[in-house]
Number of protein chains: 2
Amino acid sequence: MLIQNIKQSKGIEVCLSPALFPFFDCTEKIVVIVDILRASSVICAALQHGVKFIYPVSTIQEAFELRKKGYLVAAERNGIIVDDADIGNSPLSYLDGKYKDKTIALTTTNGTKAIEVANINNNIIVIGSFLNFSVLLNWLENQNKDIVILCAGWKNHFNLEDTVFTGALVNELLKMNNNQYTTCCDSALASIELFKATNGNILHFLTKSSHFARLKKLNLINDINYCFSFDKTKVIPMLKNKQLVDILKFSEFENVLI
Amino acid sequence: MLIQNIKQSKGIEVCLSPALFPFFDCTEKIVVIVDILRASSVICAALQHGVKFIYPVSTIQEAFELRKKGYLVAAERNGIIVDDADIGNSPLSYLDGKYKDKTIALTTTNGTKAIEVANINNNIIVIGSFLNFSVLLNWLENQNKDIVILCAGWKNHFNLEDTVFTGALVNELLKMNNNQYTTCCDSALASIELFKATNGNILHFLTKSSHFARLKKLNLINDINYCFSFDKTKVIPMLKNKQLVDILKFSEFENVLI
């Protein structure tokens, strides 16, 4: 009976930097991309507030080329909006529904690069943030597949906020009924410990982190507060034909994807 | 006064995998290589117990080539001694002084690869383990240089035991007088949290870790216990002319190095 349970369990692995992703075998696994400050949060907020789909690209040039095809350009580097872009990298930009039914080309310092790194071998790629925490958890539970969580970090360096979010997610996944998930991945175990070290006050814990300081210096404290809010959205952003759509509403967009 | 203090402070960064090392600028910094289970511990134990110097190499072939020059071959892959090697990767092999005055070519799954990765631009490379914890701490304090701690991990993956050791070391460095050291590196902050999560019982905490399980399965529990013992040695292994020597005794070996 025990053996049967172990066989049925799905694995969880955590990749702490896009530069480490090549050392993971992601065949037939779900890859959850995490860039809490702020790409993951932007993507969830945008899709929740009516953006039709988001085309993530690595370079600023690619984003501006998509403008010719009717996309708005959301572009950020080092926390700051890129010159001549339509939108920066603040999830708050989307809350008033201003970009409803628009299509957006998104390029950011870390998040969109992580998506590019993970987008190999037809992996299933979804986006995770505090903003879609519960809906993501429920969705993952229903897929019953092995999971790799990829933390976008900062320019290939480890960061605290992505790992703390990951710890919160892994902690809940491991609590699920019937030992649906298990892990023997040290990064996953470490992420749980880091989440527990927050003692229920994630924001306070993360005041020490490097990117928190960077964004605070840029007067982005409202962005930070929003990005650390649980369950403000009910979307599962998934990469489909190179673009991110809310998979929970995918059928209605399916025929308009390029 | 505050500004003066900040300027005087030396930085601490933590690199969680050899694959992330290229993203660190180590110019004029001290690189501390950490592979608790077991290369770091082996190197400390060997030099403490009379081994003259250790030539770390990445490949098994290189190690056997050095045999022709009179070196004993200490070689391990995946926790197991390599066929035809003289010694495996157990620090206990050295405790009875059997290898006193010998020279050893060492190749291991992770530790010697980490040394190779770090050995660029004439970095100052030293070896850290629980076995030389206090002597290393005192030595670092006297150098007054920026520090990068490189965790060897497991085949480029993050591991818990190297990070917990790192957290113990960083925690002590940050406590030093006059804010001699400071850090704004998220990996350093995370390592401290992981060390604190051990609640004073590192071995118990690490029973969950992947490599602990791997070595336990190989009946290496005595090795594990030794590797987690503080201050069993008083050596600072440093890479000099491609070989590791105890820098505290370096002058007497200087003229025999190749």
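Before reading on, note that the structure itself is shown above.
Residues numbered from 1 in each chain as written. Chains lettered and ligands numbered in written order. Predicted model: local features only at pLDDT ≥ 70, side-chain atom pairs only at ≥ 80, totals over all residues. Heavy atoms only, no water.

## Section: the packing of helix H6 (residues 160–174) of chain B against helix H7 (residues 186–197) of chain B
Residues and elements named next belong to chain B. Put simply, the rule is: Note on geometry: axes are C-alpha line fits, over the in-contact stretch for helices, and angles between N-to-C directions span 0 to 180 degrees. Helix and strand assignments come from DSSP, with helices taken as H or I runs of at least 4 residues and strands as E runs of at least 2, each series counted from the N terminus. Angles are sorted into four bins: roughly parallel if under 35 degrees, roughly antiparallel if over 145, roughly perpendicular if 65 to 115, and oblique for all others. In what follows, a contact means two residues having at least one pair of non-hydrogen atoms within 4.5 Å. Residue classes follow a fixed rule: Ala, Val, Leu, Ile, Met, Phe, Trp, Tyr, Cys and Pro count as nonpolar, while Asp, Glu, Lys and Arg count as charged, and any other residue, Gly among them, counts as polar.
For the pair H6 and H7, interaxial distance at closest approach is 7 Å and the crossing angle is 100°. Taken together, the axis directions place H6 and H7 in an arrangement best described as roughly perpendicular. Touching Leu 160, Thr 163, Val 164, Thr 166, Gly 167, Ala 168, Val 170, Asn 171 and Leu 174 of H6 are Ala 188, Ser 191, Ile 192, Leu 194, Phe 195 and Lys 196, all from H7. The residue makeup of the contact of H6 with H7, split by class, is nine nonpolar, five polar and one charged.

## Side note on H6(B)
Our working rule: To estimate the expected span of a helix, count its residues, drop one, and scale the result by 1.5 Å. A 1.4 Å probe rolled over the protein chains alone gives each residue an accessible area, and that area as a share of the maximum for its type sets the label: buried under 20%, exposed over 50%, partly exposed in between.
Its 15 residues place the ends of H6(B) 21 Å apart at the C-alpha level, agreeing with the 21 Å of an ideal helix rising 1.5 Å per residue. With 13 of its 15 residues buried, H6(B) lies for the most part within the structure.

## Side note on unusual backbone geometry
All names here are of chain A. The step from Leu 37 to Arg 38 runs through a cis peptide bond, and the omega angle for that step is 10°. Among the structural elements, Arg 38 can be located in the loop between strand S2 (30–34) and helix H2 (39–48). The residue Asn 156 is not glycine, and still its phi comes out positive at about 75°. Here Asn 156 falls in the partly exposed class, since its relative accessible area comes to 22%. Positive phi is not limited to glycine here, since Asn 199 has a value of about 50°. With respect to the helices, strands and loops of the structure, Asn 199 is situated in the loop between helix H7 (186–197) and helix H8 (202–206). When its relative accessible area of 70% is taken as the criterion, Asn 199 is described as exposed.

## Overview of the relation of the copies chain B and chain A
Spelled out, the test is: A least-squares fit on C-alpha atoms brings the copies together, and the residues used are those whose pLDDT is at least 70 in both copies.
For the pair chain B and chain A, the best superposition has an RMSD of 0.0 Å and corresponds to a rotation of 180° with a translation of 0.0 Å parallel to the axis. The superposition of one copy onto the other is thereby described by a two-fold rotation axis. Most of the interface of chain B is mirrored in chain A: 100% of its interface residues are interface residues there too.

## Overview of the packing of aromatic side chains
Counted only if it meets this: Any Phe, Tyr or Trp ring, taking Trp's six-membered ring, that has another such ring centre within 6.5 Å forms a pair; planes under 30 degrees apart are called stacked, those over 60 apart edge-to-face, and the others tilted. By definition here, charges over rings are those cases where NZ of Lys or CZ of Arg is within 6 Å of the ring centre and within 35 degrees of the ring normal.
The full count for this structure, using the stated rule, is 14 aromatic pairs over all chains. Seen from their ring centres, Phe130(A) and Phe165(A) are 5.1 Å apart, and the 85° between their planes marks the pair as edge-to-face. Of the two residues, Phe130(A) is situated in the loop between strand S7 (124–128) and helix H5 (133–143) and Phe165(A) in helix H6 (residues 160–175); the sequence distance between them amounts to 35 residues. The exposure class of Phe165(A) is buried, given its relative accessible area of 0%. Each ring, one from Phe133(B) and one from Phe230(B), has its centre 5.1 Å from the other, and the planes form 80°; the classification is edge-to-face. Highlighted residues: Phe133(B) in helix H5 (residues 133–143) and Phe230(B) in the loop between helix H10 (221–227) and strand S10 (237–240), separated in sequence by 97 residues. Ring pairs connect the aromatic residues Phe130(A), Phe133(A), Phe165(A), Phe228(A) and Phe230(A), which therefore count as one cluster. Its end group placed over the ring of Trp154(A), Arg214(A) keeps NZ or CZ at 3.7 Å from the ring centre.

Honestly, it's all geometry; don't read function into it.
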